[in-house]
Amino acid sequence: MTSAAMDSPIVDDLAAEQAVLDELVSDLSEQQWATPTPAAGWKVHDQIAHLAFFDDVATASLTGQGDARFAELYAAISAGEPDFIRSPAGDRSGCEVLAWWRKARAAQESAFRRIEPTSQVLWGPNKMAAQSLCTARLMETWTHGLDCFMALGVAPMDNDRLRHVCHITYQAIPNALTQAGLSMPAPIDELVVEVVSPGGELWRFGREDAPNRIEGTAAEFARVGVRRMRLEDAASLQPTGPLAQVALPSLKAYL
């Protein structure tokens, strides 16, 4: 171990994103916890339970127990639609779900701060650097937070942590095209994404001189990337070049 992971700004940003969502739900009534969200069949307490469940899974992976934990998940999926997909909250109350999430994310944060950022850890069928998994957990927190904000009629406030979501959306483009059954017209290094941050800065992902380009706002790029905004509603996003034109409709930041 070194101090590199302990000082990682990504872990700090993950904790900050979780705190925003915690503040949104911390004083909800049980009736509000049961508010339907945009995810079919899921209520607010299911969104938070989903995060708690996979924060627990991430902790297992970060602490060397990923093989056993994912074997359990695959077995449950093979046996039929498991509870953690169908109804993540189960019969837990909103308060119980919140307590579970707070405990799960505290354990996850501790695990992230104790591991080398470049250590390879299991996530689903693949391995990824611990730092990348932290980015993925931030993306998931922000994504499911959007569902909760929408369900509760509260407008989310975008901030510079959105950069992590944009980054992982860009990095996931090859996998997103594979999942969509599409081929890459060119290597990913021939695509640059340039988006305007919530604060007005230009964020660039990829080579500045790449022949393919996606331009727009970070808010819309990130929301399209996590499938929380339809591309036709993202007026700012403009693709240039064949790779950009096939990548933009297929954006998907998660597995």
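Scroll up to find the structure this text is about.
We now turn to the structure provided with this report. What you are looking at is a predicted structure, and each value in this text was computed from that prediction instead of being measured. (Residues numbered from 1 in each chain as written. Predicted model: local features only at pLDDT ≥ 70, side-chain atom pairs only at ≥ 80, totals over all residues. Heavy atoms only, no water.)

### A closer look at the environment of Ala172
Alright, step 1. With respect to the helices and strands, the residue Ala172 is situated in the loop between α9 (162–171) and α10 (173–179).
Alright, step 2. For Ala172, a relative accessible area of 13% translates into the label buried.
Alright, step 3. The spatial distance from the C-alpha of Ala172 to the C-alpha of Tyr254 is 7.5 Å, given a sequence separation of 82 residues.
Alright, step 4. For Ala172, the contacting residues outside a window of four places in its chain are Lys252 and Ala253. (Helix = DSSP H or I, 4+ residues; strand = E, 2+ residues; numbered from the N terminus. Buried < 20%, exposed > 50% of the residue type's maximum accessible area, 1.4 Å probe, protein only. Contact = heavy atoms within 4.5 Å.)

### Some remarks on the pattern of salt bridges
Opposite charge on two side chains permits them to pair, given that their charged atoms come into close proximity.
Alright, step 1. The tally for this structure, following the rule as stated, stands at 16 salt bridges.
Alright, step 2. As a salt-bridge pair, Asp158 and Arg223 come within 3.0 Å of each other at their nearest N and O atoms. Of the two residues, Asp158 is situated in the loop between α8 (130–152) and α9 and Arg223 in helix α11 (residues 218–225); the sequence distance between them amounts to 65 residues.
Alright, step 3. The shortest N-O distance in the salt bridge between Arg230 and Glu232 comes to 3.8 Å. (Salt bridge = Lys/Arg side-chain N within 4 Å of Asp/Glu carboxyl O.)

### Here we look at the pairing of strand β3 (residues 191–196)
Alright, step 1. Most of β3 sits out of view: five of its six residues are buried.
Alright, step 2. Two elements, β3 and strand β5 (residues 212–217), share six bridges in a ladder whose sense is parallel. Bridge pairing in β5 links Leu191 to Asn212.
Alright, step 3. Pairing analysis gives four bridges linking β3 to strand β4 (residues 202–205), with the strands arranged antiparallel. Paired with Val195 across the two strands is Trp203, which belongs to β4.
Alright, step 4. Hairpin connection between β3 and β4: a loop of five residues separates the two successive antiparallel strands, and Gly200 in this loop has a positive phi of roughly 95°. (Pairing = 2+ DSSP bridges.)

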